Amino acid sequence: MKFFKSTLLLLISIVIFSCSRDELSPENVQVQSFIWRGLNAYYLWQGEIPDLSDNKFISDQQLFNYLSDKGEPANFFNSLLYQKGTIDKWSWIVDDYVALEQAFQGTTRTTGMEFGIAEFKSDPTKVFGYVRYVVAGTDAANKGVTRGMIFTEVDGTELTQQNYRSLLFSNNNAYTIHLADFNAGDPITNATTINLTKSTNTENPILVAKTLDEGGKKIGYLMYNGFISNFDMQLNQVFAQFKADNITELIVDLRYNGGGSVNTATYLASMITGQFKGEIFAKQQWNSKFMNALADPDNLNNRFTDKIDSQSINSLNLTNVYFITTDGSASASELLMNGLVPHITVKSVGTKTHGKYVGSITLYDSPNFYNKVNINPNHKWAMQPIVLEIVNKDGNNDKDGIDPTVEFPEDYGNLGILGDKAEPLLARTLQLITTGSRAFSLQRVPFELKTISSSKANSPTYNNMYVELE
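Values in this document were obtained by computation on a predicted structure and should not be read as measured data.

*Asks:* I keep staring at the overall build of the protein and nothing clicks. Help me out?
*Replies:* The number of helices and strands found in the protein is 13 helices and 26 strands. Excluding contacts between residues fewer than 6 apart, the proportion of contacts in the protein whose partners are at least 24 apart in sequence is 74%. Accessible surface for the protein amounts to roughly 18,900 Å². Of this, 46% is attributable to carbon and sulfur atoms. For the protein, the centre of its 39 positive side-chain charges and the centre of its 50 negative side-chain charges are spaced 4 Å apart.

If you want it as structure tokens, here you go:
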């Protein structure tokens, strides 16, 4: 997105007053000044927030007086968001951009146990954890934690709606889970405990990639858990293998994929297809200030490509693709599906996706906001505000989430093995591919329990879609 540089600099010249950053920002309000200037320039809903208006302040001193009583930076940031929690549910700010950057590359402190949190069937005030998958090489993997395990207590305390966050997402380096038997949605704690310790780990989002033979068809299966750009080349190699295997159908499992890089989504769409080079995959819509400053609006279009940097993309030229989705499928996952709809046939199995149709960029307290050159050395705050809405070639998105072709929720009492043809959601997708049937088969249709959170929810990149500025 190199074209952004000139536009960003133009915007900065428009919104910043006559004095330098240091003159405008005495030490006690430097972070608050950064927040206001960044949101004033790029926030998608800037025009809806009176305090972010270009005409709000007529001088540097007036702006300084406004900022001087705004107090804690995170509270000030949140006060400027447009209908926070209703319209803007996704902008956030961090006090350590180093940790944020690491999270974008898949590096976090984790036990390696990726889990969901669901309500008890008969008592929604009580919740339980269920293991979705385990990251290789982590403590959870070494301790024998496996997909499908259920836990109801942490450090001897029963999990509830009120306490699961403090028990599972604290800064403690270790905790003990108490396993349970599923008991048809009302788990009963058993005698097994496992102590887990966190460590710094970089998770490869490509969890499973294999070719399946089913019904006389060669079917590629990809379990993909995050659009993380530093794994783009490995993703391309997966598609090289799919191509060598002569697959004719593809299943992309996004059930736990909360999103990530728009560029990576564009690359993956180009790997699935290949016949649409140069055509529009997605369109970005920024705030009116940005759109008016942009010399060529076509630069906001993400187009199918045949290259990642200088490396050729391994494209399959498919005309059909199948996805597995849940409420955990968000942002760039939804972008991938939505962007392909005008071009090829898209079908899915599972449950409705999350419904996140907007994207963000990282803003630093530096002269140009988009990188750390001459960054303010006095703090490490950075923002990840929503700056764009994204639509497909036809101008459409699904603000309330994408409905599946075949409704089929996960069964927490029988999650199965990811990538195994007997795993319920994969089995149902294979049935759709080989028979075309949308009706339920003889296999038991699981009842759906309400999932309220997951291990990824504590990550700063949770359900995020972002544009990378070069």
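*Asks:* Got a minute to help me understand the sheet that holds strand S12 (residues 249-253) in this structure?
*Replies:* Strands pair in a sheet through their backbones, by hydrogen bonds, and they do so in one of two ways: parallel or antiparallel. With mixed pairing, six strands are arranged side by side in an open sheet as S10-S11-S12-S18-S19-S24. Every other strand in the sheet has two partners, leaving strand S10 (206-214) and strand S24 (406-407) as the edge strands with one partner each. The sheet contact formed by strand S18 (residues 320-325) and strand S19 (residues 345-350) spans six bridges and is parallel. Residue pairing across strands places Phe323 opposite Ser348, the latter belonging to S19.

*Asks:* Got a minute to help me understand the pattern of salt bridges in this structure?
*Replies:* Side chains bearing opposite charge may pair, as long as their charged atoms lie close to each other. Tallied over the entire structure, the rule returns 20 salt bridges. Between Asp365 and Arg37 there is a salt bridge; the shortest N-O distance is 3.1 Å. Placement of the pair is Asp365 in the loop between strand S21 (363-364) and strand S22 (382-384) and Arg37 in helix H3 (residues 30-42), with a sequence separation of 328 residues. Of the residues examined, Asp365 reaches a relative accessible area of 1% and is grouped as buried. Residues Asp213 and Lys218 are paired through a salt bridge, measuring 3.3 Å at the closest nitrogen-oxygen approach. For Asp213, a relative accessible area of 47% gives the class partly exposed. Linked by salt bridges that have partners in common, Arg147, Asp253, Arg255, Glu410 and Glu423 make up one network.

*Asks:* Can you walk me through the nonpolar core in this structure?
*Replies:* Ile35, Phe239, Leu250 and Ile272 are the most contacted members of the largest nonpolar core, which has 77 residues in total. With residues up to four places along the chain from it excluded, the contact list for Ile35 reads Pro73, Phe76, Phe77, Leu80, Ile93 and Met383. Core analysis: the second largest hydrophobic core is formed by 21 residues, Ile117, Val145, Val154 and Leu179 among them.

*Asks:* Where do I start with the sheet that holds strand S1 (residues 92-94) in this structure?
*Replies:* What the three strands build is an open sheet, ordered S1-S22-S21; its pairing is antiparallel. The sheet terminates laterally at S1 and S21, the two strands that pair on one side only. Where S1 meets S22, three bridges bridge the pair, whose relative direction is antiparallel. Across the sheet, residue Ile93 finds its bridge partner in S22, namely Met383. Taken strand by strand, H3 contacts S1, S21 and S22, and its axis lies near 30 degrees from that of S22.

*Asks:* Would you take a moment to explain the pairing of strand S7 (residues 174-181) for this structure?
*Replies:* For a regular strand, side chains alternate in direction, first toward one face of the sheet and then toward the other. Buried residues dominate S7, accounting for six of its eight residues. Taken together, the four bridges between strand S5 (residues 150-154) and S7 define a ladder with antiparallel strand orientation. Note that in S7 the partner of Val154 across the bridge is Ile177. The sheet contact formed by S7 and strand S8 (residues 188-197) spans seven bridges and is antiparallel. Each bridged residue has a counterpart across the sheet, and for Thr176 the counterpart in S8 is Asn195. Hairpin connection between S7 and S8: a loop of six residues separates the two successive antiparallel strands, and Asn183 in this loop has a positive phi of roughly 50 degrees.

*Asks:* Mind showing me how you'd approach empty space enclosed by the protein here?
*Replies:* In this approach, a probe sized like a water molecule rolls over the atoms, and the result shows the empty space that is left. Scanning all chains against the criterion turns up two cavities of 30 Å³ or more. Lining the largest cavity we find Ser331, Glu334, Leu335, Asn338, Lys356, Tyr357, Ile390, Asn397, Asp398, Ile402 and Met465. The leading source of residues in the lining of the largest cavity is helix H12 (residues 332-340), at three residues. Tallied by class, the residues present in the lining of the largest cavity amount to five nonpolar, three polar and three charged. Every residue along the wall of the second largest cavity is listed here: Glu114, Phe115, Arg132, Tyr133, Tyr256, Ser455 and Lys456. For the lining of the second largest cavity, a count of residues per class yields three nonpolar, one polar and three charged.

Rules used in this analysis
- Residues numbered from 1 in each chain as written.
- Predicted model: local features only at pLDDT ≥ 70, side-chain atom pairs only at ≥ 80, totals over all residues.
- Heavy atoms only, no water.
- Helix = DSSP H or I, 4+ residues; strand = E, 2+ residues; numbered from the N terminus.
- Contact = heavy atoms within 4.5 Å.
- Areas by Shrake-Rupley, 256 points an atom, 1.4 Å probe, with all protein chains shown as cover.
- Lys, Arg positive; Asp, Glu negative; His and termini not counted.
- Charge placed at Lys NZ, Arg CZ, Asp CG, Glu CD.
- Pairing = 2+ DSSP bridges.
- Salt bridge = Lys/Arg side-chain N within 4 Å of Asp/Glu carboxyl O.
- Buried < 20%, exposed > 50% of the residue type's maximum accessible area, 1.4 Å probe, protein only.
- Core = buried A, V, L, I, M, F, W, Y, C linked by side-chain atoms within 4.5 Å.
- Axes fitted to C-alpha atoms, helices over the stretch in contact; angles between N-to-C directions.
- 1 Å grid on protein atoms, 1.4 Å probe; cavity = no way out; pocket = protein on both sides within 12 Å on 5 of 7 lines; lining within 4 Å.
- Points joined across faces, edges and corners; volume = space filled by probe spheres on them.
- Nonpolar A, V, L, I, M, F, W, Y, C, P; charged D, E, K, R; others polar.

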